[in-house]
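What follows is each chain in one-letter form.
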Number of protein chains: 2
Amino acid sequence: MAKEIERKVLVNSRHPTFSKLMETNYSKIRQGNIMSSPTGVVRVRVEDGFASLAIKGVTTGISRNEYEYEIPIPDAEQLLADMCSKVIEKNRYLYPLRDGLVAEVDVFPQIDLCIAEVELPSEETEFEKPEWFTEEVSHDPQYFNNNIAKRI
Amino acid sequence: MAKEIERKVLVNSRHPTFSKLMETNYSKIRQGNIMSSPTGVVRVRVEDGFASLAIKGVTTGISRNEYEYEIPIPDAEQLLADMCSKVIEKNRYLYPLRDGLVAEVDVFPQIDLCIAEVELPSEETEFEKPEWFTEEVSHDPQYFNNNIAKRI
């Protein structure tokens, strides 16, 4: 079990730094929710030759419990096909920040949405936002993964 | 992914063979449903030094898709504590049948219930019921695991 401590920020996709980032390598992620409830979500993901099953608990502040396990890719594909009503695609770009932190910049090609996520070692850790990061949406329900899924 | 093909039968707990079986070794199982929905169930189980996470699809006839993965025992314990509203205990005894088949005889100490489950290689496989097996309940919703959990 790990603690996932994460902040989410919208980005200015017209900023030159964003455009440059879009020319770099990215991971193609396909994921779906097998089940979700008020207590959390069970998610399957396939990403560049790696597949995982994750159970995520309720978010409290910017933290939640996360249990993630590697599973065989054919299992993940079958779970996506059989048990997920929607498959979310996202292209994930990595953008290094100061202090060894990294922003995961997710572009959702199915909907008009880009979000940067920054995993932090503690809830108190601050990070310096680059100027092309705009509004923080960590606490905005419309950007919870469950609700993003509903837009697809 | 595996196909779970299983028949469930009630047993006569006053039969001498049952009493003898109760003197043999058994596995102590503790399990809980992390989530369940009309499409299936996500279950965590701890059993004699082994823990697993399973996703089970909808039962069609006596079959359903099953995805099961070993996970670390501390994770399973935490999932039981944090994400399962109920923890079901069952003591599992093994009773060999003919043709290499094995009945798993589950005794639920929290409720007055014993059930024998026989996993079969195909839906068509027949098995010879010992005389202390009574009514088949494979298709009776009150013996679906989800509904057994509600009695605890």
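Everything numeric in this text was worked out from a predicted model, so none of it was measured.

## Structural notes on the nonpolar core
For step 1, the next point in the chain: Counting 32 residues, the largest nonpolar core has I34(A), I34(B), L53(B) and L79(B) as the members making the most contacts within it.
For step 2, the next point in the chain: Apart from residues lying up to four places away in sequence, L79(B) is in contact with I55(A), Y67(A), Y69(A), I34(B), V44(B), L53(B), I71(B) and C84(B).

## Here we look at the relation of the copies chain B and chain A
For step 1, the next point in the chain: In the superposition of chain B on chain A (RMSD 0.0 Å, axial shift 0.0 Å), the rotation amounts to 180 degrees. Classification of the inter-copy transformation places it as that of a two-fold axis. Among all residues of chain B, the one whose C-alpha sits closest to the rotation axis is M35(B), at a distance of 3.5 Å.
For step 2, the next point in the chain: Taken as a fraction of all interface residues of chain B, those also at the interface in chain A reach 100%, which identifies the copy contact as same-surface.

## Observations concerning the pairing of strand β3 (residues 40-47) of chain A
Put simply, side chains in a regular strand alternate between the two faces of the sheet.
Residues and elements named next belong to chain A.
For step 1, the next point in the chain: Of all 8 residues in β3, 8 are buried; the element is thus mostly enclosed.
For step 2, the next point in the chain: Residues of β3 alternate between two faces, with G40, V42, V44 and V46 on one and V41, R43, R45 and E47 on the opposite face, all of them buried.
For step 3, the next point in the chain: Between the antiparallel neighbours strand β2 (residues 27-37) and β3 lie 2 residues.
For step 4, the next point in the chain: Note: β3 against strand β4 (residues 50-56), 7 bridges, orientation antiparallel. Looking at the pairing, V44 lines up with L53 of β4.
For step 5, the next point in the chain: The turn linking β3 back onto β4 is made up of 2 residues, and D48 within it adopts a positive phi angle of 45 degrees.

## Focus on the interface of chain B and chain A
For step 1, the next point in the chain: Taken residue by residue, the interface counts 23 residues in chain B and 23 residues in chain A.
For step 2, the next point in the chain: Here chain B and chain A share an interface that buries about 1800 Å² over both sides, 71% of which is from carbon and sulfur atoms.
For step 3, the next point in the chain: Here chain B and chain A share 0 salt bridges between them.
For step 4, the next point in the chain: Taken together, the links from chain B to chain A amount to 6 residue pairs in polar contact (both at pLDDT 80 or more).
For step 5, the next point in the chain: Those elements that place two or more of their residues in the side of chain B that touches chain A are β2 (27-37), β3 (40-47), β4 (50-56), β5 (63-70) and α2 (73-83) of chain B.
For step 6, the next point in the chain: Broken down by element, the residue count for the side of chain B that touches chain A peaks at 5 residues, all from α2(B).
For step 7, the next point in the chain: Partitioned by chemical class, the residues of the side of chain B that touches chain A number 13 nonpolar, 7 polar and 3 charged.

## Focus on the side chain of E6(A)
Residues and elements named next belong to chain A.
For step 1, the next point in the chain: By secondary structure assignment, the location of E6 is in strand β1 (residues 2-11).
For step 2, the next point in the chain: The side chain of E6 is buried and forms no salt bridge, while K8, the nearest opposite charge, is found at 4.9 Å.
For step 3, the next point in the chain: When near neighbours in sequence (up to four residues on either side) are disregarded, E6 contacts I62, E117, V118, E119 and S138.

Cut-offs used in this document
Residues numbered from 1 in each chain as written. Chains lettered and ligands numbered in written order. Predicted model: local features only at pLDDT ≥ 70, side-chain atom pairs only at ≥ 80, totals over all residues. Heavy atoms only, no water. Core = buried A, V, L, I, M, F, W, Y, C linked by side-chain atoms within 4.5 Å. Buried < 20%, exposed > 50% of the residue type's maximum accessible area, 1.4 Å probe, protein only. Contact = heavy atoms within 4.5 Å. Least-squares fit on C-alpha atoms with pLDDT ≥ 70 in both. Helix = DSSP H or I, 4+ residues; strand = E, 2+ residues; numbered from the N terminus. Pairing = 2+ DSSP bridges. Buried area = accessible area lost by both parts, 1.4 Å probe. Salt bridge = Lys/Arg side-chain N within 4 Å of Asp/Glu carboxyl O. Polar contact = N/O pair within 3.5 Å; in protein donor to acceptor, adjacent residues only side chain to side chain. Nonpolar A, V, L, I, M, F, W, Y, C, P; charged D, E, K, R; others polar. Lys, Arg positive; Asp, Glu negative; His and termini not counted.

Geometric values such as these leave the question of function open.
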